[in-house]
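Breakdown of the fold
As a plain string of letters, each chain reads:
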Amino acid sequence: MEIDLKNNFLEEDYEDLKFLLASNIRSKIIISLKNGPKKLSNIREDTQISSSTILHGISQLENRNLVSRSGESYVLTSIGNIISLKLINLIKYWHTIKLFKDFWKNHNINEIPGEFLRTMDVFSNAYIIESTKENIENPFTTYLEMIADLDEFKAILPIFFPRHLDAIQFMIKNKRKVELILTEEIYNSLLQYFSKKEFTKNIEDGRFNLWKINQPIKLASMFSDNFISLGLFSLNGEYDPSKLLLSHDKEAINWGKELFDYYKEKSEKIDIKNL
Amino acid sequence: MTDLENLFNYYDFVQDDLKFMIKSRIRLNILSSILEYPKAMKEIKEENDLSFAAISNNMKRLLEENMVIKVEDKYLISQIGFLKLYSLMDFLKLMSTTKKFEELWLNHDIEGIPDFLLEDMGALQDSELIKANYADIYKTHTNFKELLIKSKDVCGVSSISHPDYMGIFESMLNGDANVTLIFTKEIVKKVVLSVDFKALSEVILNKNLRIRLYNGEIPVAFTVTDKFMSLGLFNCDGSYDQNRDLISTDKSSIRWAKSLFEYYHQKSEPLTIKNLAKIVM
């Protein structure tokens, strides 16, 4: 984990946290000012807090160099601006935790690399697709619908279902680009599925790009330019195919791209020579 | 719904959770002491120097809120508890970094740093703020030079010109250092006027040096190499603050500065003889 894990919260640090996060008045004033200077009346409209309470909050924020006055308006200082960005992150993060509480609770999240766990707030606007009694295959059918029109897609796969293979074959047959990072085991099953000739040809054409990774991966993710999906392993160690976190937000898709690059660096590229 | 309304709704949705965590330092300390390993009540008590009553009361609340799980006689942090604590520590890291270098950020222009890197400012936690003092007015500059000479892979972005730098880079290039510099048009113009065109053409054709052109203002000046990073800002009045330089040789600061370089790299283009001629005309 990349973050320093402190053993305890120092008094001073704790007071800072409390000052910013335990007061909805100060938090809301900061959020309200995030896009530029505002007059008292505008802050009141945004926050639905009374003027006198706002003024009191502002003077506390001024004392800490987070807000300053400019004419009749209030504006975040450069430090206030930095803090506001992080505060918004934090709120989105907690929103993401609460919204998908069961998803985080029932799956193994410890293997998600720290840097990516830290930025889970990108999923604040995501949703979960679940298998239902009527349609046990729901997460998969959604996949297939989504990839039907894509020009390319990428995936990090530590597991394989026949339907993944169907999807990959569909993409390749239709001359679209596929990039996959696979664990050793999955790579071997993929080899069995395609004929060697077909496989070689697609790799040569550059439509099929494969990387083999020699470490266990505890998440499955597929993404393209307009969606990202994230599937996790259950606490008992098995992959849980019944739930998928899905997002169409640009920041979530970028998260996926960076995760892909992160694993790609730890992988071996498969080309004709080492096939 | 506007972005702002959305955020206020998010805030209202999570504020009770936040307050539960924040309002008790004891609970925060209990959670951090079981972050890595499950522990028995006794161990937690000793580590935190708390009364048994205080721990057991708060532990009860933490169990109720599903932040902690009890397995036999040990307590371990739940996954939800872990995520929440993790995010608070990350927030704290940013806060302490802004505080530590308060005089660098306050009254300075931070527009040159994109939001995604401002948010990640906690990465600079272990950097050092070098201040010029009267005894050695060029202290920041001297430090910079010493570190630079040792580097093999140098990236720089600047909208200010230091007469010395051309010389330093030149001597580095005679070694085998790899240098990529991103300049604004104004700097390129200044450099062109100060050296002859032939010498500059040679520099452009040098394989170890890549000069790139950034179309616009760059209100930040920084260098990042395999060994260190160094960052300077402009005062709010538009002048460059020569007295303060954030310097670091630690990995996370270097990674941060590399991302900042990447950001400007993507928005710049190579300086060729052709576009050089255009600038000078």
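For every chain, the first residue of the written sequence is number 1, and numbering continues from 1 onward in sequence order. The naming scheme follows written order: chains are lettered A onward, ligands numbered 1 onward. With the structure being a predicted model, the display of local features is reserved for residues of pLDDT at least 70 and the display and counting of side-chain atom pairs for 80 or more, all residues being used for whole-chain, interface and lining totals. In computing side-chain values, all of the structure's heavy atoms are included and hydrogens and water are not.

**Structural notes on the overall build of chain B**
Defined as follows: Secondary structure elements follow DSSP: runs of H or I no shorter than four residues count as helices, runs of E no shorter than two count as strands, and numbering proceeds from the N terminus. A simple rule labels every residue: compare its accessible area, found with a 1.4 Å probe on the protein chains alone, to the largest value its type can have, and call it buried under 20%, exposed over 50%, or partly exposed in between. Working rule for contacts: check all heavy atoms of both residues, and any pair within 4.5 Å makes them a contact. For the area figures, the Shrake-Rupley method with a 1.4 Å probe applies, and any residue is considered shielded solely by the protein chains shown.
The secondary structure content of chain B amounts to 13 helices and 12 strands. By residue count, 52% of the 281 residues in chain B fall in the buried class. Residue pairs at least 24 apart in sequence account for 73% of intrachain contacts in chain B once pairs closer than 6 positions are excluded. As displayed, chain B offers around 13,800 Å² of accessible surface, 51% of which is attributable to carbon and sulfur atoms.

**Looking at the overall build of chain A**
The test is simple: Throughout, the radius of gyration refers to the C-alpha atoms, and the reference size of a globule is 2.2 Å times the residue count to the power 0.38.
Of the regular secondary structure elements, chain A holds 12 helices and 11 strands. A compact globule built from 275 residues should have a C-alpha radius of gyration of about 19 Å, whereas chain A, at 24 Å, is more than 25% larger. For chain A, the spread of C-alpha atoms along the principal axes amounts to about 75 × 40 × 40 Å. Relative to its 275 residues, chain A shows a buried fraction of 54%. For chain A, the proportion of contacts with a sequence separation of at least 24, taken over those separated by at least 6, is 69%. Of the roughly 12,600 Å² of accessible surface on chain A, 45% is carried by carbon and sulfur atoms.

**Brief notes about the sheet that holds strand β5 (residues 152-157) of chain A**
Hydrogen bonding along the main chain pairs the strands of a sheet, whether they run parallel or antiparallel. All names here are of chain A. Let me state the cut-off plainly: The pairing criterion is simple: DSSP has to find at least two bridges between the two strands. Working convention: axes come from line fits to C-alpha atoms, limited for helices to the stretch in contact. Angles between N-to-C directions cover 0 to 180 degrees.
Strand order in the open sheet formed by eight strands is β4-β10-β9-β8-β5-β6-β7-β11, and the pairing between neighbours is mixed. The open sheet has two free edges, formed respectively by β4 (127-130) and β11 (267-270), since each of these has just one partner strand. On average, each strand axis in the sheet is inclined to that of its neighbour by 20°, with strand direction left out of account. Summarising the sheet, β5 and strand β8 (residues 219-223) pair through three bridges and their orientation is antiparallel.

**Re the interface of chain A and chain B**
Cut-off, in case you're wondering: Accessible area that two parts lose when put together, with a 1.4 Å probe and added across both, is what the buried area reports. Salt bridges are defined by distance alone: a side-chain nitrogen of Lys or Arg within 4 Å of a carboxyl oxygen of Asp or Glu. Residues adjacent in sequence count toward polar contacts only when both atoms are side-chain atoms; beyond that, a polar contact is any pair of N or O atoms within 3.5 Å, and within protein one must be able to donate a hydrogen and the other to accept it. Note on residue categories: nonpolar means Ala, Val, Leu, Ile, Met, Phe, Trp, Tyr, Cys or Pro, charged means Asp, Glu, Lys or Arg, and polar means any other residue, Gly included.
If you look at the interface, chain A gives 66 residues, while chain B gives 56 residues. Summed over both partners, the interface of chain A with chain B buries about 6,200 Å², with 68% contributed by carbon and sulfur atoms. The largest per-residue losses of area from chain A upon contact with chain B belong to Phe9(A), Ile82(A) and Trp94(A), which jointly make up 14% of the total buried on that side. Counting every contact that joins chain A to chain B gives nine salt bridges. A salt bridge links Arg118(A) to Asp90(B), with the shortest nitrogen-to-oxygen separation between them at 3.0 Å. The tally of links between chain A and chain B comes to 22 residue pairs in polar contact (both at pLDDT 80 or more). Of all the secondary structure elements, the ones that give two or more residues to the side of chain A that touches chain B are α1 (11-21), α2 (24-32), α3 (40-47), α5 (78-99), α6 (101-106) and α7 (114-117) of chain A. Broken down by element, the residue count for the side of chain A that touches chain B peaks at 19 residues, all from α5(A). Taken together, the residues that form the side of chain A that touches chain B break down as 27 nonpolar, 19 polar and 20 charged.

**Some words on the confidence of the model for chain B**
Rules: Confidence scores here are pLDDT values: one per residue, from the predictor, ranging 0 to 100.
Of the residues in chain B, 89% reach a pLDDT of 70 or more, and the chain-wide mean stands at 87. Within chain B, the lowest mean pLDDT, 67, falls on helix α9 (residues 163-174) of chain B, and the highest, 96, falls on helix α12 (residues 251-266) of chain B.

**Describing the packing of α2(A) against α5(A)**
All names here are of chain A. As a reminder of what qualifies: Here is the rule for angles: anything less than 35 degrees is roughly parallel, anything more than 145 is roughly antiparallel, 65 through 115 is roughly perpendicular, and the remaining ranges are oblique. Crossings are classed by handedness, with left-handed meaning an anticlockwise turn of the near helix from the far one by less than a right angle and right-handed meaning a clockwise turn.
Between α2 and α5, whose axes approach to 10 Å, the crossing angle comes to 115°. On the basis of the axis angle, α2 is roughly perpendicular to α5. Relative to α5, the crossing made by α2 is left-handed. Contacts between α2 and α5 pair Ser27, Ile30 and Ile31 from the former with Ser84, Leu87, Ile88 and Ile91 from the latter. A breakdown of the residues in the contact of α2 with α5 according to their chemical character gives five nonpolar, two polar and no charged.

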